[in-house]
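Structural overview for review
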Amino acid sequence: MPPHIPSPTDRPTLLLTGGSGVLGRALIDELSPDFDLVCLRRNRPLCDPRVRELHGDLLSPRLGLAPEAWQRLADEVDVVLHSAAETNWRTPPEDIVRTNTSGTRAMLDLAARADAPLYLVSTAFVASIPAPEDKRRFPGAAAYLASKTAAEQMVREAGLPGALVRPSVVMGDSVTGRIAGQQGLTKTLGSMVLGQVPVLPGAPEARIDMVPQDFVTRAVGDLIRGGVREGEYWLTAGKEAPLLREISDLCAEFAVRHGLPEPHRPRLIPVEAVHRLLLPMLEGTSMPASVRQRLQHYAELLLVFQSELPFASSLGDPDCGPRLTHADIRAALVRNLESWAEGRAGLLRRHRAALPAATTPRELAS
């Protein structure tokens, strides 16, 4: 079959991986007006009329396609956007590394054959280098960071045109608050509203870098549409990131405004005391397993997400989306909480009926 030669009226074809993921749906919203989208999927169908789905496997040679089909795909594709990744830290560490590095290698092979630029969605937290103790206690998080670091290095060594994009914690849309799938951030915020987070690792002045998903996808879209072919871009809040104390206060204000008992603020434990006090206590305690697991999860998230802050930020730079302000983040947090509260009428009704003294931690039904 002869190679695909676009006519002047053709829209460029963009191959997207991870279309069903947290950012994937929002990336489709951002890119579908300007590109013909081909979304690689393994199991979960997208069922979106704006995209053409391609069944394939990132871990198989040629994506699991026959040689002729793989060549036809390479002839057709003008841009590759690799957003798929294993982000579940409960996955065996070796599987996290294999998925995230092998998937990147497969996309590099295709981009090279297609003579197309490749944009890799990485993470700002490659700047965090876990301490040996963190690696031992949190092997999933350590493997995730190591795999993203390795994937970035593979892209640099390949020397293809394109760019690395490094979002920090991705929150819901800044307007609707919605996000595909329940994220750890959303669950943590909801638990704080309900007074179910007795302690958090981190000083009151510690910052949590988070960015609404539409700011991330707009920046990615602008980089691709702008023809940017090199560089590393930090899609982060930077110095605008909210303080941990501020987030705790905002959750309490949200609870009161919605007729819930005012939650107890979490006790904030300095990060340096987490290994010395909190984690040993959890390992030897007789508290319910659900509570112990939740506290360990918070410790894992915040030990990673508080490292190396504040980040630099590329938002607002040419071809990198609009600048993100502190007020934007606060407003987006409220909208994220409103989205979380939707569909939980029964849960919130039970908490409204409770007395403030009855708000001891219990497992969140989400």
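Scroll up a little and you will see the structure.
It should be emphasised that the depicted structure is a prediction, and the values quoted were computed from it without experimental measurement.

Focus: the overall build of the protein
Counting secondary structure elements, the protein contains 12 helices and 11 strands. Among the 366 residues that make up the protein, the fraction classed as buried is 51%. When contacts within the protein are restricted to residue pairs at least 6 apart in sequence, those whose partners lie at least 24 apart make up 78%. A total of about 16,500 Å² of accessible surface is found on the protein, and carbon and sulfur atoms cover 53% of it.

Digging into the sheet that holds strand β4 (residues 79–82)
Strand order in the open sheet formed by 7 strands is β3-β2-β1-β4-β5-β6-β10, and the pairing between neighbours is parallel. Among the strands making up the open sheet, the edge pair consists of β3 (51–55) and β10 (232–235). Taken pair by pair, the neighbouring strands of this sheet meet at an average axis angle of 20 degrees, ignoring direction. Of the strand pairs in this sheet, strand β5 (residues 118–121) and strand β6 (residues 162–167) are connected by 4 bridges, and their pairing is parallel. Each bridged residue has a counterpart across the sheet, and for V121 the counterpart in β6 is V165.

So, the pattern of salt bridges
One pass over the full model with this rule turns up 18 salt bridges. Between D222 and R218 there is a salt bridge, and its shortest N-O distance comes to 3.1 Å. A residue pair is termed a helical-turn pair when its members lie 3 or 4 positions apart in one helix, as D222 and R218 do in helix α7 (residues 213–225) at 4 residues. Classification of R218 by relative accessible area gives partly exposed; the value is 39%.

Some words on empty space enclosed by the protein
One pass over the full model with this rule turns up 2 cavities of 30 Å³ or more. Its volume calculated, the second largest cavity comes out at about 30 Å³. Lining the second largest cavity are M192, S248, C251, A252, P263, H264, R265 and P266. Element by element, the count of residues in the lining of the second largest cavity is highest for helix α8 (residues 244–257), at 3 residues. Residue classes in the lining of the second largest cavity are distributed as 5 nonpolar, 2 polar and 1 charged.

Some details on α8
Over its 14 residues, α8 runs 20 Å from end to end, which matches the ideal 20 Å to within 8%, given 1.5 Å per residue. Those residues of α8 hidden inside the fold are in contact with α6 (184–193), β8 (199–201), β9 (210–212), β11 (267–269) and α11 (326–341). The positive-phi residue at the C-terminal boundary of α8 is G259, with phi of around 75 degrees.

Considering helix α2 (residues 67–76)
Residues of α2 that are buried: W70, L73, A74 and D75. Check the buried side of α2 and you find it contacts β1 (13–17), β2 (36–41), β3 and α3 (93–114).

So, the environment of L54
Looking at the element boundaries, L54 is found in strand β3. With residues up to four places along the chain from it excluded, the contact list for L54 reads V38, C39, L40, R41, L65 and L73.

Examining the packing of α6 against α8
It is at 8 Å that the axes of α6 and α8 come closest, and there the two elements cross at 60 degrees. It follows from the interaxial angle that α6 and α8 lie oblique. Viewed along their axes, α6 and α8 form a crossing whose handedness is right-handed. In this structure, α6 contributes L189, M192 and V193 to the contact, and α8 contributes I247, S248, C251, F254 and A255. Of the residues belonging to the contact of α6 with α8, the class tally is 7 nonpolar, 1 polar and no charged.

About the cut-offs
- Residues numbered from 1 in each chain as written.
- Predicted model: local features only at pLDDT ≥ 70, side-chain atom pairs only at ≥ 80, totals over all residues.
- Heavy atoms only, no water.
- Helix = DSSP H or I, 4+ residues; strand = E, 2+ residues; numbered from the N terminus.
- Buried < 20%, exposed > 50% of the residue type's maximum accessible area, 1.4 Å probe, protein only.
- Contact = heavy atoms within 4.5 Å.
- Areas by Shrake-Rupley, 256 points an atom, 1.4 Å probe, with all protein chains shown as cover.
- Pairing = 2+ DSSP bridges.
- Axes fitted to C-alpha atoms, helices over the stretch in contact; angles between N-to-C directions.
- Salt bridge = Lys/Arg side-chain N within 4 Å of Asp/Glu carboxyl O.
- 1 Å grid on protein atoms, 1.4 Å probe; cavity = no way out; pocket = protein on both sides within 12 Å on 5 of 7 lines; lining within 4 Å.
- Points joined across faces, edges and corners; volume = space filled by probe spheres on them.
- Nonpolar A, V, L, I, M, F, W, Y, C, P; charged D, E, K, R; others polar.
- Expected span 1.5 Å × (residues − 1).
- Parallel < 35°, antiparallel > 145°, perpendicular 65-115°, else oblique.
- Left-handed = near helix turned anticlockwise from the far one by under 90°.

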